[in-house]
Amino acid sequence: MKFSIQREALLKPLQTIVGVVERRQTLPVLSNILVVVSNDRLSMTATDLEVEMIARVPLDNAQPGDTTIPARKIVDICRALPEGAVINITLDTEKERVTVQSGRSRFNLTTLPINDFPSVDEITSQFEFSLPQNILKHLIEKTSFAMAQQDVRYYLNGLLLEISSGVVRAVATDGHRLAMCTHDCDVKPVDTLQIIMPRKGVTELVKLLDDTDEPAQIQVSANHIKIQLNDFVFTSKLIDGRFPDYERVIPKNSDKHVVADKETLRQALVRTSILSNEKYRGIRIRLSDALLQAQANNPEMEEAEEDIEVDYSGEELEIGFNVSYLLDALGAVSDDTVSLDLGDSNSSCVVQPKGDSTCTYVIMPMRL
Amino acid sequence: MIIHADMDAFFASVEIREQPALRGKPVVVGGRAENRGVVAAASYAARQYGIRSAMPTATALKRCPELVVLPGRMALYSEVSRQIQAIFARYTPLIEPLSLDEAFLDVSASTTLFGPAPQIARDIKQAVLDELRLVVSMGVAPNKFVAKIASDLQKPNGFVVVEAADVQTFLDPLPVSRLWGVGKVTEKKLHARQIHSIADLRRASAPFICQHFGQYGEQLQQLARGHDPRAVITERDAKSISHETTFAQDVSDTEILRSVLSNLTEQVAWRMRRQNVRGRTVHLKLRFDDFHTITRARSLSSRTHRTRDLWHTVRQLLNREIANGLPPIRLIGMGVGGFDAEESHEQLDLFDVRHDSDANPGPARSEAGSIDKITDDINRRFGNKRLSRARGLRHPRPGSD
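Residues numbered from 1 in each chain as written. Chains lettered and ligands numbered in written order. Predicted model: local features only at pLDDT ≥ 70, side-chain atom pairs only at ≥ 80, totals over all residues. Heavy atoms only, no water.

Per the secondary structure count, chain B includes 14 helices and 13 strands. Here chain B holds 401 residues, and 47% of them are scored as buried. (Helix = DSSP H or I, 4+ residues; strand = E, 2+ residues; numbered from the N terminus. Buried < 20%, exposed > 50% of the residue type's maximum accessible area, 1.4 Å probe, protein only.)

Structure, rendered in structure tokens:
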């Protein structure tokens, strides 16, 4: 195995897949990446047994071969080489070592046998569809912040992808708030398909996606999802569980409707949050005629107050929230105007871009 | 000074009080022999036949055919237990109940008002007898450990005071089995090393004890010297709630471990709900056959007192240890800490039923929360452990053969 490659052509795909490699390993080979070279192509694979990512890079005049090399070290070496450097990589099959040479720098890396490298079983696809990359990216970016982290309700530690006739939807919730984004799509599954992609798979996948409308080929099996892009193949196990009935927790008949300028509201809340309790992040929202007041205080009894002009003419209401949840939702709204629909002080608040129902955020209040 | 108050044959005594015809007769409260029941409490008349609590009822009946076997009335005992605690509370707010029938009382701050600790103990003993017609044995000592030994020493109707200066002379002649946590297995190990009395243990070299019993041995030696720094902790002040069980024989069967852990988790969760506290950190404690003890902890994303959430977390901790390979286990325990000091700042949950309101009929009914509520209601009404999770039944009930 022997090939030459420009630093940038190697570094970018390496950095994209190396996030999969866990820093602490149970199996030594999992801290390596699998390198497979054919005449005209280099393919590199990283895995943590749950998520697998393959990056493919075209080569000229390569000598075929394969091995596994330490992932972090090859990334660090590539990154530390000067811009534009040409890197020559050679496998010494006898000594089972890889030489990385560039200019006057030489590195000798250990290898591990490729047979030790775990490969994901070939998945038997039960449903296939294709989605423009930018739309998949949009669905994830608008929702993934609400995923739970290490929750005992393990099925919340991931992102729900729901594919029904003509529609793809992403939903994430940690039980305190929920984010949902829906997009039209040319799909016709027999039944509505629900899969839960684990948190790590979601955060790694989004790094592969760009803003072009190049198609992402998606295959779903009983316990895997496989997504093929031009230069990458992404495979992730699915969470084996049932996502809660999220539609039931989206209130349909809230009687208090607020319309506000998103950026004004967001900035006011950012300022208020400075003096909220650092641990609980609670703020009080008071609604009255055309006015939204935000108020926070901390254990030192310092206090912040903001008056925000809004479009509101309903009953007065006082309600508490974790300000981070409000800010996350407002941050995900791309429109200039945002609507907030509320019930009473124990009922959830629905945040939506004004006049756009493709993204919905539901936030449960906090008792203050 | 600390008082340890321990009711004499509590369940049986309450039954005899209710049915005076039973006075002087051998009486036990427990499950029926036909149902492979065990004795929960035995009157002192019954104990003369060698009948002990945790003995199968069938065995007890063989030893004493005229034995009166009564089914337990947990609701009644709980009520009487509350009356007893109300008497304690006249003398000190620092009460740490260990179970329905025993409690520690810290009376150090009560002496100017009610006289010296022994006097307070006398007064309580008399009040329990006069008002409830029940006998309580009292141990009065500078710390919890010595007070507990003292209350047990002259049972029934015991009353033992150990002044600070007398602690060592009091402890020295006692057998090591009197020490907290020393059961049959540890006793045997100590005997094998020529350690019979508490004095023997106290005089043994620390490295020797450490070599054979590890950190636990150090604790034992501290106790043998009469050192016990633990304070009386009222339920209200508890920073964590935990339960643990020492097995009569070391256990390797992981199903039994899971089953016992499930029971412990139910007890802890029930106490949390009763005190209305929610915790964030879940601990698992394991002591191996070589006395080496490990604890594992995990934090939750939000505070809870739901049995199911606590169980899932502690089960994960146990499963991980099982996967790593476990030596035989002599003690298993679980606890929950990280309580919310501030009642406010309660983040409501989307999938929780409590927060339903007319404006928002949304949230799905929370199954786990309602199971807990029903279980608690039934157990409050009909006595503890009437309703429990089936996985907790896989092991023989504690104490049965």
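That was the structure; now back to the text.
So, about the sheet that holds strand S3 (residues 39–42) of chain B. Backbone-to-backbone hydrogen bonds pair the strands of a sheet. The strands run either parallel or antiparallel. Residues and elements named next belong to chain B. With mixed pairing, three strands are arranged side by side in an open sheet as S3-S2-S4. Where the open sheet ends on each side, the last strands, each with one partner, are S3 and strand S4 (68–70). The average angle at which neighbouring strand axes cross in this sheet is 30°, direction not considered. (Pairing = 2+ DSSP bridges. Axes fitted to C-alpha atoms, helices over the stretch in contact; angles between N-to-C directions.)

With that settled, the discussion passes to the packing of aromatic side chains. Residue and element names in this part refer to chain B. Scanning the entire structure with this criterion turns up nine aromatic pairs over all chains. For the pair phenylalanine 11 and tyrosine 77, a centre-to-centre distance of 4.4 Å together with 10° between the ring planes defines the contact as stacked. Note that phenylalanine 11 is positioned in helix H1 (residues 10–18) and tyrosine 77 in helix H4 (residues 74–88), a separation of 66 residues in sequence. Each of the two residues, phenylalanine 11 as well as tyrosine 77, counts as buried. By the ring-pair criterion, three or more aromatic residues cluster together here, those being Phe10, Phe11 and Tyr77. The ring of tyrosine 44 carries the charged tip of arginine 47 above its face, separated from the ring centre by 4.4 Å. Cation over ring: arginine 122 sits above phenylalanine 159, and NZ or CZ is 3.8 Å from the ring centre. (Phe/Tyr/Trp six-rings, centres within 6.5 Å; stacked < 30°, edge-to-face > 60°. Lys NZ or Arg CZ within 6 Å of the ring centre and 35° of its normal.)

All names here are of chain A. Across its 12 residues, helix H5 (residues 262–273) extends 16 Å between first and last C-alpha, which sits within 8% of the 16 Å expected from 1.5 Å per residue. Those residues of H5 that sit buried are Lys262, Leu265, Ala268, Leu269, Thr272 and Ser273. Down the axis of H5, the sector holding all buried residues measures 140°, keeping them to one side. In this fold, the buried residues of H5 make contact with strand S17 (256–261), strand S18 (282–288), strand S19 (291–297), strand S20 (303–309), helix H6 (323–332) and strand S22 (337–342). (Expected span 1.5 Å × (residues − 1). Arc of directions from axis to C-beta. Contact = heavy atoms within 4.5 Å.)

What follows concerns the packing of helix H1 (residues 7–18) of chain A against helix H2 (residues 71–80) of chain A. How two helices pack is summed up by the angle between their axes together with the distance between the axes. Residue and element names in this part refer to chain A. One can describe the packing of H1 onto H2 by two numbers: an axis separation of 10 Å at closest approach and a directional angle of 140°. The orientation of H1 with respect to H2, classified from their angle, is oblique. Of the two elements, H1 crosses H2, and the hand of that crossing is left-handed. Within the contact between the two elements, H1 uses Arg7, Leu10, Leu11, Leu14, Gln15 and Val18 and H2 uses Ala71, Arg72, Ile74, Val75, Cys78 and Arg79. For the contact of H1 with H2, the class distribution of residues is eight nonpolar, one polar and three charged. (Parallel < 35°, antiparallel > 145°, perpendicular 65-115°, else oblique. Left-handed = near helix turned anticlockwise from the far one by under 90°. Nonpolar A, V, L, I, M, F, W, Y, C, P; charged D, E, K, R; others polar.)

With that out of the way, let us pick up the pairing of strand S2 (residues 32–37) of chain A. All names here are of chain A. Counting buried residues in S2 gives five out of six residues, a clear majority hidden from the surface. Here S2 pairs with strand S5 (residues 65–70) via six bridges, running antiparallel. When the bridges of S5 are listed, valine 36 appears paired with aspartate 66. Two strands pair when backbone bridges link them, and S2 and strand S3 (residues 41–47) are joined in this way by four bridges, in the antiparallel orientation. Bridged to leucine 34 within S3 is threonine 45. In this structure, the hairpin formed by S2 and S3 is closed by a connection of three residues.

Residues and elements named next belong to chain A. Among the secondary structure elements, threonine 235 is positioned in strand S16 (residues 232–237). Relative accessible area serves as the criterion here: at 5%, threonine 235 is assigned to the buried category. Once residues lying within four places of it in the same chain are set aside, the contact partners of threonine 235 are Glu50, Val51, Glu52, Val120, His224, Ile225 and Lys226.

All names here are of chain B. Over its 19 residues, helix H11 (residues 206–224) extends only 12 Å from the first C-alpha to the last, a length that falls short of the 27 Å expected when each residue adds 1.5 Å. At phenylalanine 213, H11 is bent by approximately 130°, the largest bend along its length. Positive backbone phi, at 85°, marks glycine 226, one or two positions downstream of H11. (Bend = angle between axes of the 7 residues up to and from the residue.)

The subject of this paragraph is the environment of A:Asp289. Residue and element names in this part refer to chain A. By the element assignment, aspartate 289 lies in the loop between S18 and S19. Taking the C-alpha atoms as reference points, aspartate 289 and aspartate 311, separated by 22 residues in sequence, lie 8.2 Å from one another. Not counting residues within four places of it along the chain, the set of residues in contact with aspartate 289 comprises Tyr312 and Ser313.

The tendency in soluble globular proteins is for nonpolar side chains to be buried as a group. A:Ile33, A:Leu42, A:Ile225, A:Leu269 and A:Val351 are the most contacted members of the largest nonpolar core, which has 103 residues in total. Leave out the neighbours within four places in its chain, and A:Ile225 touches A:Leu161, A:Ile195, A:Met197, A:Ile218, A:Gln219, A:Val220, A:Phe234, A:Thr235, A:Ser236 and A:Leu238. In this structure, B:Leu22, B:Tyr77, B:Tyr91 and B:Leu134 belong to the second largest nonpolar core, which totals 35 residues. (Core = buried A, V, L, I, M, F, W, Y, C linked by side-chain atoms within 4.5 Å.)

Here we take up the sheet that holds strand S11 (residues 293–304) of chain B. Residue and element names in this part refer to chain B. Strand order in this open sheet of four strands is S9-S12-S10-S11, and the pairing throughout is antiparallel. Across the chains shown, the open sheet's two edge strands, defined by having one partner strand only, are strand S9 (240–251) and S11. The sheet shows a mean angle of 15° between the axes of neighbouring strands, direction not considered. In this sheet, strand S12 (residues 329–337) lies alongside S9 in antiparallel orientation, the contact comprising eight bridges. By the bridge assignment, serine 242 is partnered in S12 with glycine 335.

All names here are of chain B. Mean pLDDT for chain B: 85, with 90% of residues reaching 70 or above. Note that residues 354–365 has pLDDT below 50 and, in this model, 34 contacts with residues that lie over four places away or in other chains. The low-confidence segment residues 396–401, where pLDDT is below 50, has four contacts with residues more than four positions distant or belonging to other chains. The ipTM assigned to the predicted complex is 0.84, against a pTM of 0.62. (pLDDT = per-residue confidence, 0-100.)

In this section: the environment of A:Met53. Residues and elements named next belong to chain A. The topology assignment puts methionine 53 in strand S4 (residues 51–58). Put simply, methionine 53 and threonine 235 are 182 residues apart on the chain and 6.4 Å apart in space, counted from C-alpha to C-alpha. If sequence neighbours within four positions are ignored, methionine 53 has contacts with Thr16, Ile17, Val20, Met44, Thr45, Ala46, Glu204, Leu208, Val233 and Phe234.

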